Amino acid sequence: MEARRDWYIPVSSLDVECRALDLFQLNTPLVESIRQTIRAQGPQSFAWFMQQALYHPEHGYYASGHCAIGRKGDYFTNVSIGPLFGQLLATQFGEIWERLGEIDDFLVVEQGAHDGQFARDVLEFVQKRRRKFFDALRYRIVEPFPILQARQRQTLEAFRDKVEWRESLQPFKGVHFSNELLDAIPVRLISNGREKLVGLDGDKFVFVERSVDKTMFNQAALECVDQIAANLQRGYVIAIDYGRMDEDSQRSAQVRVQHRNLDSPFEQIGEADITMSVHWRSIIERAQANGLRVAGFTDQHHFLTGIISEFASGDRGQSLLADLGKAKRELQTLLHPEMLGRAFQVLALAKNVDVKVGPLAAFKFAREPRFA
Ligand SMILES: C[S@@+](CC[C@H](N)C(=O)[O-])C[C@H]1O[C@@H](n2cnc3c(N)ncnc32)[C@H](O)[C@@H]1O
């Protein structure tokens, strides 16, 4: 298809930042294949570009296994700070299991599990501290990429009888968990009726703009919510991510490599992570339209403080306190408002769970409005 040049206006003429990308004359197979498509079919949506950069089966940052998280990688996540995050979430999963009547077919379903570290932190903690819950628990990782699945199997070798893998979601009772899944799902760049597309100026990637009808920029993330809602038979969804409740500010993608933020998504294509802050309101509305109830929304600081205050004492606390004592620095990084405590928000959704049971422990200090 010939590019319809008349639709497109170079972005520089529209008062939107347009960077000269001479610096990034990459010629990797991935970059060449992106160029070929644009040459043949004209400018493409940013969602298509992001899909190639992150999920191209051979060369994408995630699909090829290039992704590296943690101190020696490209960026930190809650999981890469240390095992405490998984231990605190495991404690919350235990409460959910109790609320569902201690069922013996309880599943933790994780999507976006990277190398399986979170799953291991959860399973090690539950095995050590909550034997009864451990006996009832199964863990399912939804992982479409073989190279990541292989890493997860290695990390979880000690729990091979507890963990199963699927390429897509299937019906389950229990809890669906994700940490920084939604922000990694491709988005279109749409603002005030204009869409930025990825085009070419010679060999250089440039943004061009066109008018667009009212359409959702995060369609793929909304479809992910549809999938979760369709497969959760009874239980909760806990999604942790960075985002905003409302629309107004201009969105721009965040591009990270080796703990640096790059100025442009056209730098180090396939070598860098690209994310977009989550638009929580549309996620919540889509979840509600699918029959899920909002069971809480708050920042990570209040979420984790709720878990600690509920479970770090008394019988149910087991020795969570001992684990907290050993992990003061991790705790500070996860909780501190200027570190991860405010940067991340937590959304909990529920299905077929009696409303009368009240909020989960993690939401006892939630300050944001409830969306019941
Ligand atoms: C930012 S990483 C987060 C990794 C991990 N949860 C952590 O916190 O360290 C996003 C992950 O989501 C995965 N992902 C994206 N779309 C997915 C999908 N539809 N199903 C499963 N995983 C997906 C990516 O492959 C990547 O591993």
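Residues numbered from 1 in each chain as written. Predicted model: local features only at pLDDT ≥ 70, side-chain atom pairs only at ≥ 80, totals over all residues. Heavy atoms only, no water.

Draft legend 1. Structural view of the overall build of the protein chain. Helix and strand content of the protein chain: 13 helices and 17 strands. Within the span of the protein chain, comprising 372 residues, buried residues form 57% of the whole. For the protein chain, contacts bridging at least 24 residues in sequence account for 78% of all contacts bridging at least 6. With an accessible surface of roughly 16,700 Å², the protein chain has 48% of that area assigned to carbon and sulfur atoms. (Helix = DSSP H or I, 4+ residues; strand = E, 2+ residues; numbered from the N terminus. Buried < 20%, exposed > 50% of the residue type's maximum accessible area, 1.4 Å probe, protein only. Contact = heavy atoms within 4.5 Å. Areas by Shrake-Rupley, 256 points an atom, 1.4 Å probe, with all protein chains shown as cover.)

Draft legend 2. Spotlight on the nonpolar core. Counting 58 residues, the largest nonpolar core has Leu89, Phe93, Phe106, Ile238 and Phe303 as the members making the most contacts within it. Per element, the largest residue contribution to this core is eight residues, and it comes from helix H4 (residues 84–99). One finds Ala53, Tyr55, Tyr62 and Tyr75 within the second-largest nonpolar core, a separate group that totals 35 residues. (Core = buried A, V, L, I, M, F, W, Y, C linked by side-chain atoms within 4.5 Å.)

Draft legend 3. Spatial organisation of the site of the ligand. Near the ligand you find 17 residues, and of these Tyr55, Thr77, Gly112, Asn179 and Glu180 are the closest. At 2.7 Å, a side-chain N or O of Thr77 approaches an oxygen atom of the ligand. Contacts to the ligand include Gly112, whose backbone N or O atom sits 2.7 Å from a nitrogen atom. Notes on the ligand: free accessible area 600 Å², of which the protein chains cover 91%. Looking at the shell around the ligand, its residues break down into 11 nonpolar, five polar and one charged. (Near = heavy atom within 4 Å. Polar contact = N/O pair within 3.5 Å; in protein donor to acceptor, adjacent residues only side chain to side chain. Nonpolar A, V, L, I, M, F, W, Y, C, P; charged D, E, K, R; others polar.)

Draft legend 4. Structural view of the packing of helix H1 (residues 29–41) against helix H2 (residues 46–55). Where H1 meets H2, the closest approach of the two axes is 10 Å, and the angle between their N-to-C directions is 155 degrees. Considering the angle they form, H1 stands roughly antiparallel to H2. By crossing handedness, the relation of H1 to H2 is classed as right-handed. Contact residues: Leu30, Ile34, Thr37 and Ile38 in H1; Trp48, Phe49, Gln52 and Ala53 in H2. Its residues assigned to classes, the contact of H1 with H2 comprises six nonpolar, two polar and no charged. (Axes fitted to C-alpha atoms, helices over the stretch in contact; angles between N-to-C directions. Parallel < 35°, antiparallel > 145°, perpendicular 65-115°, else oblique. Left-handed = near helix turned anticlockwise from the far one by under 90°.)

Draft legend 5. How the structure looks around the packing of aromatic side chains. Evaluation of the coordinates by the stated rule reveals 19 aromatic pairs. Summarising the aromatic geometry, the rings of Phe106 and Phe133 are spaced 5.7 Å apart at their centres and angled 70 degrees between planes, so their arrangement reads as edge-to-face. Here Phe106 is found in strand E3 (residues 106–111), whereas its partner Phe133 is found in helix H6 (residues 131–136), with 27 residues between them in sequence. The exposure class of Phe133 is buried, given its relative accessible area of 1%. Put simply, the rings of Phe46, Phe49, Phe205, Phe207 and Phe266 touch in pairs and so form one group of aromatic residues. Directly above the aromatic system of Phe207 lies the positively charged group of Lys196, at a separation of 5.0 Å from the ring centroid. A cation over a ring is seen here: Arg256 above Tyr75, with NZ or CZ 4.0 Å from the ring centre. (Phe/Tyr/Trp six-rings, centres within 6.5 Å; stacked < 30°, edge-to-face > 60°. Lys NZ or Arg CZ within 6 Å of the ring centre and 35° of its normal.)

Draft legend 6. Layout of the pattern of salt bridges. Considering all chains together, one arrives at 22 salt bridges under this definition. In this structure, Glu98 engages Arg130 in a salt bridge whose closest nitrogen and oxygen atoms are separated by 2.9 Å. Of the two residues, Glu98 is situated in helix H4 and Arg130 in the loop between helix H5 (117–129) and H6; the sequence distance between them amounts to 32 residues. Residue Glu164 pairs with Arg166 through a salt bridge whose shortest N-O separation is 3.4 Å. The buried category is assigned to Glu164, whose relative accessible area is 14%. Linked through salt bridges whose partners overlap, the residues forming this network are Glu32, Arg35, Arg39 and Asp203. (Salt bridge = Lys/Arg side-chain N within 4 Å of Asp/Glu carboxyl O.)

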